[in-house]
Amino acid sequence: MLRPEHPVPRSLAELVAEFSLETRGTVAGVEISGVTLNSEEVEPGDLYVGVAGANTHGARFASRAAERGAVAVVTDPAGAELAAESGLPVLIVDSPREALGELSAWVYRTREHPPLLFGVTGTNGKTSTSYLLAGMLTQLGLVTGLSTTAERHIGDLKVVSRLTTPEASEMHALLARMRESGVRAVALEVSAQALSRHRVDGIEFDVVGFTNLSHDHLDDYADMEEYFRAKLPLFDPDRADRGVVSLETEWGRRVVDEARIPVCTISSRAEDRADWFVEVLDEQAAYTGFRVTGPEGRSLETRVPLIGRHMAWNAALAIVMLVEAGFDLDAIGQALDAHGGIDAYLPGRTERVSGDRGPSVYVDFGHSPDAFLNTLDAVRRFTPGQVIMLFGADGDRDATKRHDMGRVAAEGSDILVITDHHPRFEDPASIRRTLLDGARLAEHQPEIYEVSPPEEAIRFAVSLAGEGDSILWAGPGHQDYRDIRGVRTPYSARQLARDALREAGW
Ligand SMILES: CC(=O)N[C@H]1[C@@H](OP(=O)(O)OP(=O)(O)OC[C@H]2O[C@@H](n3ccc(=O)[nH]c3=O)[C@H](O)[C@@H]2O)O[C@H](CO)[C@@H](O)[C@@H]1O[C@H](C)C(=O)N[C@@H](C)C(=O)N[C@H](CCC(=O)O)C(=O)O
Ligand SMILES: Nc1ncnc2c1ncn2[C@@H]1O[C@H](COP(=O)(O)OP(=O)(O)OP(=O)(O)O)[C@@H](O)[C@H]1O
């Protein structure tokens, strides 16, 4: 976990007064320098927050937190009983998870001189839009910070992420560390789960963006309406000043109708009459050229170094977010022109891992039907030969999208190779069977194979491919492990694909 290197301790008694907390034990004279809700991440001087989780109550680990140097515990009334034996002072709140954001903001002083804060939400494109924002902010000369599913960046320092949006304590520690490093602008990816679980509490965004909404996460939310409602609070005045909403999916209109902050819109369809219009001008294997035109005909033409119209939409959304934050459109254009377009590297987002000879192989993080639709369309444009799609599905995650994943994959490919992804605690054969059943529902029937494990499947896919063909391996993206029965086995799809190509003589 990234934290400030030089925290300025704060008084526990002051915290108790600030938040009017009920206390047990002595708080006088105690100083706190950090906050965490994971006993294994406690550092000396930390406030340990014991939350009731789905598996256990964090307060059970208060003694362990004390051993590691925690100086006080925040928990709920039930947790207070459990934490008593730690001997630490205990501060009681009704819901520690709900209190975590504000407590962390106070301890890490993240409301004092905050950077320019951008938040991106939506089903697909959060990571991409956040990277593109961070890339452009850097091109505009600002030291930037980034927090996404793939990586977190503080200027040039990069670390791999675990959750899309970290817990609030980790988020505020990250923001404090960014401030130490002179970061002036930050792009944060905000998942629906993050909003539901209070992970971005205590953060006030300058500009938030909405990419799209489509079928995903229906293991966490009862239906699409509930999933939509989980995203909406980002468009409340206590969380953000202004918003930019893409009308890529019809849910965008709903965000506009229900947002409680000023929002402007962007669309690639002229008939939407959005405030901003994005046109794809030029699709090449190395980039997508586009123009974004706004009020009073002001426009900017540039390139994003990725394939796919959806990447132009993400980039245009990011540009409008910059304009809403106060950057001049012409100044953005000049900064981008100096580098021949947007300068950003997105790990595992339709990333081409093949060389100049042989089939093209793209590794992608797409794991929803809509993501498949867009990436398959992009890959098809650059494939004179056959499109081979290799994919699996997450175990212990939304199983209701599997049929559609199989169907969309079959519709868009010439050859389908169904394999495993993270089975977690599910039977991988049964996940493959559901994907296969979905694929069989497609109107267009490609050749379909089922190959397990993925190490074999990529070799098999490469053995079917020749010059002019493309392989789209969807699912693993940037990830460096596979979760098999709770164990994270090291695994890199990008490396496996490169190895398979080499073995095949490409
Ligand atoms: C469903 C969910 O979000 N669970 C998160 C939640 O777990 P939980 O409430 O079940 O916690 P628990 O296991 O009961 O433990 C209770 C408390 O005891 C603490 N504990 C537990 C054991 C111990 O030894 N020491 C200790 O301190 C835990 O840190 C926790 O604070 O709190 C944990 C601690 O922070 C998270 O790690 C865990 O995320 C899990 C790993 C997860 O997979 N979350 C996914 C669903 C998620 O959040 N995904 C979204 C969306 C991704 C996307 O955009 O596609 C994301 O933002 O990543
Ligand atoms: N605007 C978009 N519309 C539809 N699909 C997209 C869009 N942008 C990206 N995708 C697809 O979704 C996949 C995931 O993209 P990205 O990582 O940017 O999204 P995300 O919202 O961060 O996903 P996650 O929530 O899983 O982290 C991409 O690899 C691509 O296949």
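Every chain is numbered on its own, with residues counted from 1 as its sequence reads. Each chain takes a letter, starting from A, and each ligand takes a number, starting from 1, following the order in which they are written. Note on the predicted model: pLDDT of at least 70 is required for a residue's local features to be given, and 80 or more for side-chain atom pairs to be given and counted; whole-chain, interface and lining totals, by contrast, use all residues.

For the protein chain, the name recorded in an unreviewed UniProt entry is UDP-N-acetylmuramyl-tripeptide synthetase, with Diaminobutyricimonas aerilata as its organism. UniProt positions are given in the numbering used here, feature names are shortened, and annotations may be inferred rather than shown by experiment. Of the protein chain, the UniProt comment under Sequence similarities (unreviewed entry) reads exactly: "Belongs to the MurCDEF family. MurE subfamily." Under Function (unreviewed entry), UniProt gives the following word-for-word description of the protein chain: "Catalyzes the addition of an amino acid to the nucleotide precursor UDP-N-acetylmuramoyl-L-alanyl-D-glutamate (UMAG) in the biosynthesis of bacterial cell-wall peptidoglycan."

Trainee: What should I look at first to understand helix α10 (residues 309-324) in this one?
Mentor: Residues that lie three or four places apart on an α-helix share one face, since the helix turns once every 3.6 residues. Starting at the N terminus, helices and strands are each numbered in turn, a helix being any DSSP run of H or I of at least four residues and a strand any DSSP run of E of at least two. One fewer than the residue count of a helix, multiplied by 1.5 Å, yields its expected span. Between its first and last C-alpha, α10 extends 23 Å over 16 residues, near the 22 Å set by a 1.5 Å rise per residue. The element α10 is extensively covered by neighbouring structure, given that 15 of its 16 residues are classed as buried. Phi turns positive one or two residues past the end of α10, at Gly326, with a value near 110 degrees. Any residue surrounded by 20 or more other C-beta atoms within 10 Å of its C-beta is treated as buried, while 12 or fewer makes it exposed and the intermediate range makes it partly exposed; C-beta atoms here are placed from the backbone.

Trainee: Help me understand the UniProt feature "binding site: UDP-N-acetyl-alpha-D-muramoyl-L-alanyl-D-glutamate" (unreviewed entry) in the protein chain, please; the structure alone is not making it clear to me.
Mentor: Mapped onto the present numbering, the UniProt feature "binding site: UDP-N-acetyl-alpha-D-muramoyl-L-alanyl-D-glutamate" (unreviewed entry) falls at Leu37, Ser39, Thr164, Thr165, Ser191 and Arg199. The largest pairwise C-alpha distance within this set of annotated residues, which runs over 163 residues, is 24.2 Å, so the set is dispersed in three dimensions. Summarising the element assignment, Leu37 is placed in the loop between β4 (34-36) and β5 (46-50). Residue classification places Leu37 among the buried residues on the basis of 25 C-beta atoms within 10 Å. Residues in contact with Leu37, not counting those within four places in the same chain, are Val49, Val51, Gly58, Leu100, Glu167 and Ser169. Contacts here follow a simple rule: the backbone-placed C-beta atoms of the two residues must lie within 7 Å.

Trainee: Mind showing me how you'd approach the site of ligand 1 here?
Mentor: The immediate surroundings of ligand 1 are formed by 19 residues, with Gly53, Ala54, Asn55, Gly58 and Thr164 found nearest. Its residues assigned to classes, the shell around ligand 1 comprises six nonpolar, ten polar and three charged. Each domain's limits were defined by an automated method or a database of domain assignments. When we break the shell around ligand 1 down by domain, the ones giving at least three residues each are domain 1 (10-108) and domain 2 (116-338). Put plainly, near means the residue's C-beta atom, positioned from the backbone, lies within 6 Å of the molecule or strand in question. Residues are grouped as follows: Ala, Val, Leu, Ile, Met, Phe, Trp, Tyr, Cys and Pro are nonpolar; Asp, Glu, Lys and Arg are charged; every other residue, Gly included, is polar.

Trainee: Any chance you could explain the UniProt feature "domain: Mur ligase central" (unreviewed entry) in the protein chain here in plain terms?
Mentor: The positions UniProt marks with the feature "domain: Mur ligase central" (unreviewed entry) are residues 120-321. Within residues 120-321, the helical portion is 30% and the strand portion 28%, while the C-alpha atoms at the span's ends are 10 Å from each other.

Trainee: I'm lost on the site of ligand 2 in this one. Help?
Mentor: By nearness alone, 25 residues border ligand 2, and Gly125, Lys126, Thr127, Ser128 and Gly366 come closest of all. No other element matches helix α12 (residues 369-381), which puts four residues into the shell around ligand 2. Tallied by class, residues from the shell around ligand 2 come to three nonpolar, 16 polar and six charged. Split by domain, the shell around ligand 2 shows at least three residues from each of two domains, domain 2 (116-338) and domain 3 (351-504).

Trainee: Explain the sheet that holds β4 here, please?
Mentor: As a general point, the strands of a sheet are linked pairwise by backbone hydrogen bonds and lie either parallel or antiparallel. Should DSSP find at least two bridges between two strands, the strands are taken to pair. Read across the sheet, five strands follow the order β2-β7-β6-β5-β4 without closing on themselves; strand pairing throughout is mixed. Either end of the sheet is taken by a strand with one partner, and the two such strands are β2 (22-24) and β4. Averaged over all pairs of adjacent strands, the angle between strand axes in this sheet comes to 25 degrees, irrespective of strand direction. As judged from the three bridges shared by β4 and β5, these two strands associate in the parallel manner. In the sheet register, Val35 faces β5, and the bridge partner there is Leu47. Here the axes come from fitting lines to C-alpha atoms, over the contacting stretch only for helices, and the angles between their N-to-C directions go from 0 to 180 degrees.

Trainee: Got a minute to help me understand the sheet that holds strand β9 (residues 144-147) in this structure?
Mentor: The strand order across the open sheet formed by eleven strands is β11-β10-β9-β12-β8-β13-β14-β15-β16-β17-β18, and the pairing between neighbours is mixed. Only two strands of the sheet have a single partner each, and these edge strands are β11 (157-160) and β18 (299-304). Geometrically, the sheet is characterised by an average inter-axis angle of 20 degrees between neighbouring strands, direction not taken into account.

Trainee: Explain the packing of helix α13 (residues 402-412) against helix α14 (residues 428-440) here, please?
Mentor: Two quantities define a packed helix pair, namely the angle between the axes and the distance from one axis to the other. For the pair α13 and α14, the least separation of the axes is 6 Å and the interaxial angle reads 50 degrees. In terms of orientation, α13 lies oblique with respect to α14. In this structure, α13 crosses over α14, and the sense of that crossing is right-handed. Only Thr434, Leu435, Leu436, Asp437, Gly438 and Ala439 of α14 make contact with α13, whose side of the interface consists of Arg402, His403, Asp404, Met405, Gly406, Arg407, Ala409 and Ala410. Residues that form the contact of α13 with α14 fall into these classes: six nonpolar, four polar and four charged. An angle counts as roughly parallel when it lies under 35 degrees, as roughly antiparallel when it exceeds 145, as roughly perpendicular when it falls between 65 and 115, and as oblique in every other case. For any pair of crossing helices, the crossing counts as left-handed if the nearer helix is rotated counterclockwise from the farther one by less than a right angle, and right-handed if it is rotated clockwise.

Trainee: What am I meant to see in unusual backbone geometry here?
Mentor: Residues apart from glycine generally show negative phi values, whereas peptide bonds are mostly found in trans. A cis amide bond, omega 0 degrees, links Ser452 with the succeeding residue Pro453. Relative to the assigned elements, Pro453 resides in the loop between β23 (447-450) and α15 (454-464).

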